[in-house]
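So you can see what is in the structure, the chains are spelled out below.
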Amino acid sequence: LSDCVLFENGHPHRWYVTGSAGEVKPKRNIDTKTISQRWMKISEELSTNYVAAVKQTGGLIKFLTKDAWENFIAETRFDPNLCSAHCFLGAGSNCLIYRSTYNLNLQTKRWKISTHTYTVPFQEPVCVISEEKLVLNESRASSIHKVTDLATTTVVRYVEKMLKVQIVQCVVDYVIDRKSQIWMLWSSNVLLHRFLPPIDQFEGTINMKTSSPTSRVQTPGSPFYREENQTS
């Protein structure tokens with residue numbers, strides 16, 4: 001996972017990094033100066049055009065060059081519509097982003113993953129991209145698909161296990177740096193089923209009995225099925 005800072009109400013809330021062993025872990029101290037120095041150093045080492053990308057509500061992504069990033073991180077108060085900031089590791093003047101889309105068929109319980117690409121052109125000092133206006137092209141890089149498919153499946157199964165939900169659709173973006181390392185950037189859309197415990201209609205209490213792992217999969221016709229569409 002590329003370095004990621006999550007925001008809540010215009011304030012940095014959590015900072016995640018990937019350790020030397022490949023594990024994703026949170027940093028205890030969230031200091032914007034430290035974050036900026038780290039991301040600037042990474043940008044210089046990998047010769048990236050953009051230091052960071054910031055995501056806002058409504059599917060807006062802003063890719064920031066060095067000057068734009070320095071101005072952004074120097075703000076004393078951030079935009080309340082800001083969702084997250086990501087260390088951007090893309091290389092080249094027209095950086096290619098790989099989008100992996102996981103889809104589950106509720107009837108057959110089978111899933112498939114498709115991969116497309118979109119380009120982030122170099123624009124100073126900021127490149128603004130809207131999810132609604134993205135031009136996606138089918139990817140034919142089978143060797144890259146094997147890696148992104150595995151990564152996306154791992155993410156889906158982990159989230160399902162931790163949140164006790166069933167993911168129907170998950171969209172994850174990846175980028176390749178100058179060292180040919182693939183990095184997960186973010187998930188732009190997640191559609192899931194959340195299973196609610198049955199309610200005792202006579203006593204008005206919630207039945208807290210736990211079900212076996214194999215009984216968690218229900219159909220949309222279940223009375224305790226709720227569909228949610230989330231972005232991150």
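Look up a bit, the structure's there.
Since this is a predicted model, take the numbers as computed values, not measurements. (Residues numbered from 1 in each chain as written. Predicted model: local features only at pLDDT ≥ 70, side-chain atom pairs only at ≥ 80, totals over all residues. Heavy atoms only, no water.)

Undergrad: Which parts of the structure should I look at to understand the environment of Phe 88?
TA: One can find Phe 88 in the loop between strand 6 (82–87) and strand 7 (94–104). Given the relative accessible area of 2%, Phe 88 is considered buried. Between the alpha carbons of Phe 88 and Ser 43 there is a distance of 7.9 Å; along the sequence they are 45 residues apart. Residues contacting Phe 88, with those up to four places away along its chain left out, are Ser 2, Thr 48, Tyr 50, Val 51, Ala 52, Ala 53, Phe 63, Cys 95, Ile 97, Val 175 and Leu 185. (Helix = DSSP H or I, 4+ residues; strand = E, 2+ residues; numbered from the N terminus. Buried < 20%, exposed > 50% of the residue type's maximum accessible area, 1.4 Å probe, protein only. Contact = heavy atoms within 4.5 Å.)

Undergrad: Hey, could you run me through empty space enclosed by the protein in this one?
TA: Gaps left between atoms show up when a probe the size of a water molecule is rolled over them. For the structure on display, the rule yields one cavity of 30 Å³ or more. In this model, the largest cavity occupies a volume close to 40 Å³. Taken together, Val 5, Phe 7, Pro 12, Thr 32, Ile 35, Trp 39, Trp 69, Phe 72, Ile 73 and Ala 85 make up the full set of residues lining the largest cavity. Put simply, the parts of the chain that give the lining of the largest cavity at least two residues each are strand 1 (4–8), helix 1 (32–46) and helix 2 (66–73). (1 Å grid on protein atoms, 1.4 Å probe; cavity = no way out; pocket = protein on both sides within 12 Å on 5 of 7 lines; lining within 4 Å. Points joined across faces, edges and corners; volume = space filled by probe spheres on them.)

Undergrad: Explain helix 2 here, please?
TA: For an α-helix, 3.6 residues make a turn, and residues three or four places apart therefore share a direction. Every buried residue belonging to helix 2 is among Ala 68, Trp 69, Phe 72 and Ile 73, and all of these are buried. Buried residues of helix 2 fall within an arc of 120° about the axis and therefore sit on the same side. Opposite the buried face of helix 2, at more than 90 degrees from it, the exposed residues are Asp 67 and Asn 71. For helix 2, the secondary structure elements touched by its buried residues are helix 1, strand 4 (52–56), strand 5 (60–64), strand 6 and strand 9 (126–130). (Arc of directions from axis to C-beta.)

Undergrad: I keep staring at the side chain of Arg 99 and nothing clicks. Help me out?
TA: Considering the arrangement of structural elements, one finds Arg 99 in strand 7. Relative accessible area serves as the criterion here: at 7%, Arg 99 is assigned to the buried category. Within the local environment of Arg 99, its side chain forms a polar contact with the side chain of Glu 131, the two groups lying 3.0 Å apart. Excluding anything up to four places from it in sequence, Arg 99 contacts Ser 114, Thr 115, His 116, Tyr 118, Glu 131, Leu 134, Leu 136, Val 171, Val 172, Asp 173 and Ser 188. (Polar contact = N/O pair within 3.5 Å; in protein donor to acceptor, adjacent residues only side chain to side chain.)

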